[in-house]
Amino acid sequence: MDSETAIRFEHFGSGEGRHRHGLTLSLSRVIRKREKLKNGARDSLSLPHPLFLQVLSSRLQHQISQTPKPSFSPPNQTKIPMKRVVSGVQPTGSIHLGNYLGAIKNWVALQDTYETLFFIVDLHAITLPYDPQELRKATRDTAALYLACGVDISKASVFVQSHVRAHVDLMWLLSSSTPIGWLQKMTQFKEKSRKEGGENASVSLLTYPVLMAADILLYKSDFVPVGEDQKQHLELARDLAQRVNNLYGGRKWKKLGGRGGSIFKIPEPLIPQVGARVMSLTDGRSKMSKSAPSDQSRINLLDSKDLIADKIKRCKTDSFVGLEYDNAERPECNNLLSVYQIVSGKTKDEVMEECKDMSWGTFKPLLTDAVVEHLSPIQVRYQEITAESAYLDKVLTEGADKATEIAEVTIRNLKQAMGFYI
Ligand code: AMP
Ligand code: TRP
C-alpha cells in the first residue's frame, strides 16, 4: 500500500523544570515495499519508511532542521550532533502487538532521522520472579525480533543492557539522589508489588525506574519512544535528571574541574497517538500484556496465521450495529479498529468510512488478513536471523561497544561532579 499515513507522537515540552505541556509531532510516512538491499538481507520485508518529517510545533521544526541527515551533509559543514533516541523492551514472555505498535514499529520510523540505540533490558526482566533457563534465549529472541521488525544495524545500535556495565553503575549513582517517595508512588510498582504479595516484592521492583532513568540518561537521549504505560517512568527520569543537574551540575561541577553546565539532558517521551495502548483481545478495558494469564488475550508477533485467525475469531466484541471509534461503551471496537488502522497503513478517516456499516463477521476476516500480511514478512526475517547465530552475536557485540563508548563519558562526568576520586 502506498498511502501516506501519519504517526503522531505526544510528548512533553523540552523546557526544563516541572511545567509540562503536550505537543504533537506529526511524522508523515509512506508505507512502501523496501527495495532489495545489496546484501539481499531484507528482500522479503514490507516495512514503513519515513520520507519526511512534517513538524507541527515550531520548536520541533527548529530542532529537526538542526538535525543533519548524514548522507546529505556537505563535507565541510560544521558537524551538529544528531538528536538521540533510545528505547528498550524486556526479554520476558513473547513480544506482542502492543509492544510492536506502541514501541518497536515507531523505533523503525525514527532511525533514519535520529541516532538510535535500542537495547534489550535484561536487567529489568529480573525484577519479577523469572526462569533463568529462559532468560538467555528470550534475550536473543528479542534482539532478533528487533531486527526482524526493521531495526537496521547500519543506522541503529542494538545491544543487551547487561553487556554495558555503565547502566548499573549509573543506577547506583542516581539512587542516592532518588527520594524513596518518588518510587513508592509509581503506579506500576503499586500494581506489581500488590500482585507479588506486598512486602515480598523485590527491592528491584521498587528501584526499577531508577535503572530505566539510567538507561536513558546515560546516553543523553533527546527522545524516548514508548507506549503509554511508561509515561510515568519517563517523568521520573526527567525529574531525576533535573535534580542531579541541580545538586551537582553547573558551578559546583566546574569547581571540581568539570565543564560545568548540565550533566544530563532532559529526555522527552514519544508516545504514538494510535497504538500507545493496545488493549487485550479478551477485555477492551485492560491493556494487552505479556503477563496476562491467557494467551488468547494477545497476538504475539510470532503467532502462526491460524492462531491469529483463531484469536481474532474468538476475541471479545459487542452487539452494537456497525463499527465506530471513540465510543466509551465500545472499548473493544475502538481497539480493533485502531489495530486495523495501523497494520493496514490507512488513516482513521479511511477506516471509519470502510468499516462503519460492517458487522463483526465481515470485519474480523479483514482484520485477520491485515495483521497476517503485516506480520508475515517479520516472521520470515526472524527465521533468517535466528538461523545465523554468529550474526546476532556480532551485532550485539558491536552495539555494546558503541554504547559503552558513549556511556563511559557520562559516568566519568557524573563521578567527577559528585566528587569521586577518579
Ligand atoms: P515491556 O513489555 O514492558 O518491556 O514493554 C516494552 C514496550 O512496549 C514499552 O515501550 C511499553 O510501553 C510498550 N507496550 C507494552 N504493552 C503495550 C500495549 N499494550 N500497548 C502499547 N504499548 C505497549
Ligand atoms: N521499562 C520499560 C518497559 O517495561 C522498558 C525500558 C527499560 C525502557 N529501560 C528503558 C524503555 C529505557 C525506554 C527507555 O516497558
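No experiment lies behind these values; they were computed from the predicted model shown. Residue positions are given per chain, counting from 1 as you read along its sequence in written order. All chains are assigned letters beginning at A, and all ligands numbers beginning at 1, according to the order in which they are written. Two thresholds apply to this predicted model, a pLDDT of at least 70 for residue-level local features and 80 or more for giving and counting side-chain atom pairs, whereas whole-chain, interface and lining totals are computed over all residues.

1. Brief notes about the overall build of the protein
Along its length, the protein carries 14 helices and eight strands. Buried means a residue has 20 or more other C-beta atoms within 10 Å of its own C-beta, exposed means 12 or fewer, and partly exposed covers the counts in between; C-beta atoms are placed from the backbone. Per-residue burial for the protein yields a buried fraction of 40% across its 422 residues. A helix here means a DSSP run of H or I that spans at least four residues, while a strand means a run of E at least two residues long, and both kinds are numbered starting from the N terminus.

2. Brief notes about the environment of P209
By the secondary structure assignment, P209 is in helix α7 (residues 203–217). As for P209 and Q232, which are separated by 23 residues in sequence, their C-alpha atoms are 9.2 Å apart. Residue contacts for P209: discarding those within four places in its chain leaves L183, M186, H233 and L236. Once C-beta atoms have been placed from the backbone, residue pairs whose C-beta atoms lie within 7 Å are recorded as contacts.

3. Quick word on the site of ligand 1
We call a residue near a molecule or strand when its C-beta atom, built from the backbone, sits within 6 Å of it. Around ligand 1, 16 residues are found, and the nearest of them are Q90, G98, G102, V226 and G227. Sort the elements by how many residues they give to the shell around ligand 1 and helix α2 (residues 97–110) lands first, with four residues. Basically, the charged four are Asp, Glu, Lys and Arg, the nonpolar ten are Ala, Val, Leu, Ile, Met, Phe, Trp, Tyr, Cys and Pro, and anything else, Gly included, counts as polar. Class assignment for the residues of the shell around ligand 1 results in six nonpolar, six polar and four charged.

4. A look at helix α4 (residues 166–175)
Every α-helix winds through 3.6 residues per turn, so residues three or four apart in the chain are directed the same way. Taken residue by residue, α4 has A166, H167, L170, M171, L173 and L174 as its buried positions. All buried residues of α4 lie within an arc of 165 degrees about the axis, which places them on one face of the element. Summarising the contacts, the buried residues of α4 are in contact with α7, α8 (231–248) and α14 (389–417). Working note: the arc is built from the helix axis to C-beta atom directions.

5. Considering unusual backbone geometry
Leaving glycine out, the prevailing phi sign among residues is negative, and the prevailing peptide bond configuration is trans. Even without glycine at this site, K220 takes up a positive phi of about 45 degrees. Along the polypeptide, K220 turns up in the loop between α7 and β7 (223–225).

6. Quick notes on the packing of helix α10 (residues 305–313) against helix α13 (residues 360–387)
Interaxial angles span 0 to 180 degrees and are taken between N-to-C directions of axes, which are lines fitted to C-alpha atoms, for helices over the stretch in contact. Relative orientation of the contacting elements α10 and α13 amounts to 145 degrees, with a least axis distance of 9 Å. In this structure, α10 meets α13 at a crossing whose hand is right-handed. Contacts from K305, I308, A309, I312 and K313 of α10 reach α13 at K364, L367, T368, V371 and V372. Take the far helix as your reference; a near helix turned counterclockwise from it by less than a right angle gives a left-handed crossing, and one turned clockwise gives a right-handed crossing.

7. A look at the site of ligand 2
Around ligand 2 sit 13 residues, and of these S87, G88, V121, M212 and D215 come closest. For the shell around ligand 2, the elements supplying multiple residues, two or more each, are β4 (84–89) and α7. Residues that form the shell around ligand 2 fall into these classes: six nonpolar, six polar and one charged.

8. Points about the pairing of β4
Note on strand geometry: in a regular strand, side chains alternate between the two faces of the sheet. In terms of burial, β4 is a largely internal element, five of the six residues being buried. The rule for pairing is simple: two strands pair if DSSP sees at least two bridges between them. The pairing of β4 with strand β5 (residues 115–120) spans six bridges and is classified as parallel. When the bridges of β5 are listed, V86 appears paired with L117. Looking down the strands as they point away from you, a crossover is right-handed if its path from the first strand over the helix to the second goes clockwise. Where the polypeptide runs from β4 across α2 and back to β5, its parallel neighbour, the crossover connection is right-handed.

9. As for α2
Expected helix span is computed as 1.5 Å times (number of residues minus one). For α2, which comprises 14 residues, the first-to-last C-alpha distance of 19 Å matches the rise-based estimate of 20 Å (1.5 Å per residue) to within 8%. Note on bend: the value at a residue is the angle between axes fitted to the seven residues ending there and to the seven starting there. Maximal helix bending in α2 amounts to about 35 degrees, located at A103.

10. Concerning the confidence of the model for the protein
Confidence scores labelled pLDDT are given residue by residue by the predictor and lie between 0 and 100. Residues of the protein with pLDDT of at least 70 account for 82%, and the chain-wide mean is 85. Confidence drops under pLDDT 50 across residues 1–6; counting only partners more than four residues distant or on other chains, this segment forms 17 contacts. Within the model, the stretch residues 13–73 combines pLDDT values under 50 with 89 contacts to residues more than four positions away or in other chains.

11. Focus on the pairing of strand β8 (residues 268–272)
Among the five residues in β8, five count as buried, and that is most of the element. Neither face of β8 is exposed, since E268, L270 and P272 on one face and P269 and I271 on the opposite face are all buried. As paired strands, β7 and β8 are joined by three bridges and run parallel to one another. Bridge pairing in β8 places P225 opposite L270.

12. Observations concerning the packing of α7 against α8
Put simply, α7 and α8 touch, their axes get as near as 9 Å, and they point 70 degrees apart. Regarding the angle of α7 to α8, the classification is roughly perpendicular. Judged by the sense of rotation from one axis to the other, the crossing of α7 with α8 is right-handed. For the pair α7 and α8, the contacting residues are P209, M212, A213, I216 and L217 in the first and H233, L236, A237, L240 and A241 in the second. The residue inventory of the contact of α7 with α8, partitioned by class, reads nine nonpolar, one polar and no charged. In what follows, roughly perpendicular refers to angles from 65 to 115 degrees, roughly parallel to angles under 35, roughly antiparallel to angles over 145, and oblique to any angle outside these ranges.

13. Considering the environment of K348
For K348, the location among the structural elements is in helix α12 (residues 348–355). When the 16 C-beta atoms within 10 Å are taken as the criterion, K348 is described as partly exposed. Residues K348 and Y325 lie 23 residues apart in sequence; the distance between their C-alpha atoms is 8.7 Å. Not counting residues within four places of it along the chain, the set of residues in contact with K348 comprises Y325 and Q341.

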